[in-house]
Amino acid sequence: MIANLTLVRRFVQLCMFIFLVYGSVVVGFYAADKISGALPALSCAYDSMNADYCALIPLQHQLHHRLDASVESGNWFLFLMPFITTVGTFLLLFVFLNKAFCGWVCPLGFFQEMMQLIGQKLGLRRVDSLAHGAVDKIRPVKWLMLGGLVLVLPALTSLGFLSNEWGDPFCQICPSRIMTTLLTGSNEQLFVDTSSPSYMALSITGDFLFGLMVALAMTMRQPFCRICPMLALHAVFRKVGFARLVKQGSARCDKCGLCAEACPMDIRELQSECNTVDKAKDITLADCTLCGRCVEFCPDKDVLQLRYLSVPVFSSSPAYFKQRKKAQTQWDSVKLIGFKQTEKEKI
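Just so it is clear, the model here is predicted, and its values are computed rather than measured. (Residues numbered from 1 in each chain as written. Predicted model: local features only at pLDDT ≥ 70, side-chain atom pairs only at ≥ 80, totals over all residues. Heavy atoms only, no water.)

1. What about the confidence of the model for the protein chain?
Note that predicted coordinates carrying low pLDDT should not be read in detail. Looking at the protein chain as a whole, its pLDDT mean stands at 90, while 94% of the residues score no less than 70. Every residue in residues 341-347 is under pLDDT 50, and counting partners more than four places away or in other chains gives 18 contacts. (pLDDT = per-residue confidence, 0-100. Contact = heavy atoms within 4.5 Å.)

2. Details of the state of the cysteines
Per the stated rule, a full pass over the model turns up 0 disulfides. With no disulfide partner, C228 has as its closest neighbouring cysteine sulfur the one in C102, 6.3 Å distant. The class for C228 is buried, based on a relative accessible area of 7%. Cysteine C294 remains unbridged, with the sulfur of C288 as its closest cysteine sulfur at 6.3 Å. (Disulfide = S-S within 2.5 Å. Buried < 20%, exposed > 50% of the residue type's maximum accessible area, 1.4 Å probe, protein only.)

3. Topic: the packing of helix α10 (residues 175-183) against helix α11 (residues 197-217)
As a packed pair, α10 and α11 sit with axes 8 Å apart at the nearest point and diverge in direction by 75°. The angle between α10 and α11 places the two elements in the roughly perpendicular class. Facing P175, I178, M179 and L182 of α10, the residues of α11 in contact are G206, D207, L209, F210 and M213. Class assignment for the residues of the contact of α10 with α11 results in 7 nonpolar, 1 polar and 1 charged. (Axes fitted to C-alpha atoms, helices over the stretch in contact; angles between N-to-C directions. Helix = DSSP H or I, 4+ residues; strand = E, 2+ residues; numbered from the N terminus. Parallel < 35°, antiparallel > 145°, perpendicular 65-115°, else oblique. Nonpolar A, V, L, I, M, F, W, Y, C, P; charged D, E, K, R; others polar.)

4. Side note on a nonpolar patch on the surface
Side chains of V71, W76, L80, I84, L151, V152, L156, L159, F161 and L162 sit close together on the surface and give an oily, nonpolar patch of about 850 Å² of accessible area. When contributions to the nonpolar patch are tallied by element, the ones reaching two or more residues are α5 (77-97) and α8 (132-158). With 3 residues, α8 is the single largest residue contributor to the nonpolar patch. Mapping F161 onto the fold places it in the loop between α8 and α9 (169-173). Judged by its relative accessible area of 62%, F161 falls in the exposed class. (Patch = residues over 30% accessible without salt bridge, like charges linked within 9 Å, V, L, I, M, F, W, Y side chains within 5 Å. Areas by Shrake-Rupley, 256 points an atom, 1.4 Å probe, with all protein chains shown as cover. Salt bridge = Lys/Arg side-chain N within 4 Å of Asp/Glu carboxyl O.)

5. So, helix α4 (residues 56-73)
In this model, α4 (18 residues) spans 26 Å end to end at C-alpha, consistent with the 26 Å of a helix rising 1.5 Å per residue. At R66, α4 is bent by approximately 40°, the largest bend along its length. Along α4, the residues that are buried comprise L56, I57, P58, L59, Q60, Q62, L63, H64, L67 and S70. As for α4, its buried residues are in contact with α5, α8, α9 and α12 (229-237). Positive phi appears at G74, one or two residues downstream of α4, with a value of about 80°. (Expected span 1.5 Å × (residues − 1). Bend = angle between axes of the 7 residues up to and from the residue.)

6. Brief notes about the pairing of strand β3 (residues 304-308)
Sheet topology note: the strand β1 (residues 243-247)/β3 ladder contains 5 bridges and is antiparallel. Bridged to A243 within β3 is Y308. Across 4 bridges, β3 lies against strand β4 (residues 311-315) in antiparallel orientation. Among the inter-strand pairings, R307 is bridged to a residue of β4, identified as P312. (Pairing = 2+ DSSP bridges.)

7. Considerations on the pattern of salt bridges
Inspection of the entire model under this criterion finds 14 salt bridges. The shortest N-O distance in the salt bridge between R226 and D266 comes to 3.0 Å. Residue R226 is found in the loop between α11 and α12, and its partner D266 is found in the loop between α14 (258-262) and α15 (269-272); the two are separated by 40 residues along the sequence. A relative accessible area of 7% means that D266 is categorised as buried. Salt bridges here are not isolated pairs; linked through shared partners, they connect R139, K142, E269 and D287.

8. Points about the sheet that holds β3
Read across the open sheet, the 4 strands follow the order β2-β1-β3-β4; overall the sheet is antiparallel. The sheet is open, and its two borders are formed by β2 (281-282) and β4, each paired with just one other strand.

9. Describing the nonpolar core
Of all hydrophobic cores here, the largest spans 68 residues; its most connected members are L42, F170, F224 and L245. Sequence-distant contacts of F170, that is, excluding residues within four places in its chain, are made with L42, L56, Q60, M145, L149, V150, F224 and P229. (Core = buried A, V, L, I, M, F, W, Y, C linked by side-chain atoms within 4.5 Å.)

Put into structure tokens, the structure is as follows:
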């Protein structure tokens, strides 16, 4: 039995963070450009030291630069072949880890978790979970980000309805672009572009979103992950991945709710779905990042499991729960400065 899954996950996150932000120093700049170019995580191509970059930038560029040529010539292979290649490469990687790319690999997700830990140790007021109404309002945003910024606006730009500044709008506002470049010692992406009104609007939005993410991440869990278009893209293909979260609940689950409380994405369906079922059911929901915290904080044996190719790799148990809860209580009591921790509140 793993002693502490969260520590294992954060070690993996740290290793992947170093590799994805600084990895070209190890593998070389030429190799870094050839690993995939379609990673299922927000590793930014604007980072000159990265070892790979996410699929969202080639998807935007193919829509921006290939769609109009295909329409004019009638040769749809000009657009479809590179587009399908990017999606296919994305799937080849995604199928191995499924949505765990968010919870275990994504450098921006790890950065937000570190900001949350810093805020906790500084004694800042924490919002441990959002109200159901707030969660319901936020959930559609990731689909609007994927559909609008990654797909529709680049396509409209290619077809001549918008100026070229809107060819890669998500990359222009993505917090990972600013975060990764700042961590490599460059501030060139943290600026206001005054070359055109559109670029000015996009750059101001990007700077504001990065600052807002940092501020929110110190007081709440995973603020940008909730609206990330990569999370939405993962949700589309989550049924083909080898890694799954499964549940075989009981009537006791209706009164417990510790899994939903532990979930950094406030997935309340973890508590309510798949109770009193005959066998374990896939509960890898759209907002799930397969971080495993719900499994860690479930007090009942085998109710929740992380499975890989249907084989359990980590299961809930009373013994682990008691040990993990004790460790969490000890960790929460440690403060860097002497501010008194305010009572947890919900919004």
